[in-house]
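# An overview of the molecular structure
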Amino acid sequence: MELKETFQRVKAASKTLGLLSDEQRNEILQAVADAIIAETPALLAANAEDLAKMDKTNPLYDRLQLTEQRLVDIASDMRHVSTLPSPLGRVLKDKTLENGLHLQRVAVPFGVIGMIYEARPNVTFDVFSLCFKSGNACVLKGGRDANASNSAGVELIHKVLITFGIDPNVVTLLPATHEATGEMLNAVGYIDLCIPRGGKKLINFVRDTAKVPVIETGAGVVHCYFDKDGDLEMGKRIITNAKCRRVSVCNALDCLLIHESRLSDLPTLCEGLAEKQTKIHADTKAYEALKGHYPDTLLYKAEESEAKMKEAGLLTADCKSADSTEADANMKSIWNTEWLSMQMGIKTVASEDEALDHIATYGSGHSESIVSNNEAAQKKFQAMVDAACVYVNAPTSFTDGAQFGLGAEIGISTQKLGARGPMALEEITTYKWLITGQGQTRA
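What comes next is a walk through the structure. (Residues numbered from 1 in each chain as written. Predicted model: local features only at pLDDT ≥ 70, side-chain atom pairs only at ≥ 80, totals over all residues. Heavy atoms only, no water.)

Time to look at the overall build of the protein chain. Across its full length, the protein chain carries 17 helices and 16 strands. For 443 residues, the compact-globule estimate of 2.2 N^0.38 gives 22 Å, and the protein chain sits close to it at 24 Å. Per-residue burial over the protein chain gives 53% buried out of 443 residues. Summed over all atoms, the accessible surface of the protein chain reaches about 19800 Å², with 50% contributed by carbon and sulfur. (Helix = DSSP H or I, 4+ residues; strand = E, 2+ residues; numbered from the N terminus. Rg over C-alpha atoms; globule rule 2.2 N^0.38 Å. Buried < 20%, exposed > 50% of the residue type's maximum accessible area, 1.4 Å probe, protein only. Areas by Shrake-Rupley, 256 points an atom, 1.4 Å probe, with all protein chains shown as cover.)

As a further point, take the pattern of salt bridges. Pairs can form between side chains of opposite charge whenever their charged atoms are close. Per the counting criterion, the structure on display carries 17 salt bridges. With its nearest N and O atoms 3.9 Å apart, the salt bridge here joins Glu155 to Lys159. Linking Glu155 with Lys159, this pair stays in helix H7 (residues 147-163), spanning four residues, or about one helical turn. A residue is classified by how much of its surface remains accessible, and Lys159, at 54% relative accessible area, is exposed. Notably, a salt bridge pairs Asp208 with Arg207, separated by 3.6 Å at the nearest N-O pair. (Salt bridge = Lys/Arg side-chain N within 4 Å of Asp/Glu carboxyl O.)

Turning next to the environment of Ser14. By the secondary structure assignment, Ser14 is in helix H1 (residues 4-16). Spatially, the C-alpha atoms of Ser14 and Leu263 are 57 Å apart, while their sequence positions differ by 249 residues. At a separation of 2.6 Å, a polar atom in the side chain of Ser14 contacts the main-chain carbonyl oxygen of Lys11. (Polar contact = N/O pair within 3.5 Å; in protein donor to acceptor, adjacent residues only side chain to side chain.)

Looking at the element boundaries, Cys389 is found in strand S13 (residues 389-392). Under the relative-accessibility criterion, Cys389 is labelled buried at 6%. A sequence separation of 89 residues divides Cys389 from Tyr300, and the C-alpha atoms of the two residues are 30 Å apart. Ignoring sequence-local partners within four residues, the contact set of Cys389 consists of His366, Ser367, Glu368, Thr399, Phe404 and Pro422. (Contact = heavy atoms within 4.5 Å.)

Glancing now at a nonpolar patch on the surface. A grouping of Leu92, Tyr431, Trp433 and Ile435 is seen on the molecular surface, where their side chains present a nonpolar patch of about 380 Å² in accessible area. Residue contributions to the nonpolar patch peak at three residues, all from strand S16 (residues 429-436). Take Tyr431: it is sitting in strand S16. (Patch = residues over 30% accessible without salt bridge, like charges linked within 9 Å, V, L, I, M, F, W, Y side chains within 5 Å.)

Right, dumping it as structure tokens:
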């Protein structure tokens, strides 16, 4: 491996983090947060280099963009992380066996965490803060689109670490090349855990290629089901916020499912979407309900949209239903599109069961929501939806580590083994057993 020496330096540096107290870690995180504010002009200048190379219509543009307010928010999240209880040293189990052996299961760092991410320069700071607080070193592999932004961020962090006498190798940025990704995924013995954060293509590649352990942070195909007993004004607020707050993030709404008995309310539900110039791809019933009540230039028939997208090569047969034929998957593949832009689908359903079936077929296990005042419907939705985050009368935009009170997040895990949902401090620690005896021997 060309990067073997780099990985060796990170591994060695990771062991020095165990010598720091939580107070020292917190002080350094506060100093980095201060530096982010002080160096805002330099960080924005580097980000401008990256932005100049990307088309503004690209859905990743919003993720790539840093602003003065976003840097303030990043620094604030880092300060928040510094105030959280340390995840290390927590006693997860404590018992004494009949033979007198005392057993404790104690939380410890993984060691070195590798992070692969696309055009998201905020992740550089989020990952550093969470890893440093939890005693982990981190190896960062960003994309070419954000290379100047990521480099400026890591350079800032290194300056602060050196000021405090900390080995800067505890946070290392790899070259923005495919070759570096391959070496990272094969760095057995050096990287203890790898977390990909990006689109489906990236995540599938990492899962299929990695020889090091991986936790998936899946793409989000997100639904909101407006039930026959949903509150109209509440639904309007929730749908608008879930779709329009920030369209390029994984918790943004992709498909509204509406009970057929409420189709007459669809124009009202979509008023906020129209104000934000949201393109809607609606099935036949929803299209007819919106026709004349929604801007013609923003309203499309789902079938026609799908045909055009297939012709452009933008849709693939990726249906999750095991008994669906490939033709059926192709026909309906618009419904498993993660739009990442000011677009969404609307599907009419005849019952809550049909909504649940649709989510089971096309959902990604990320975040799902129901708007309903019917307690039985709420409970059924919570019990039957298989997703990391299931909402009742609230938008999926809240799926976020900071919003959950976890500080920053390292990603949203959609898998079931290990961490699930927003991953923060506790989710990037493992544990070891400490056994204390008085000379006992085993028969």
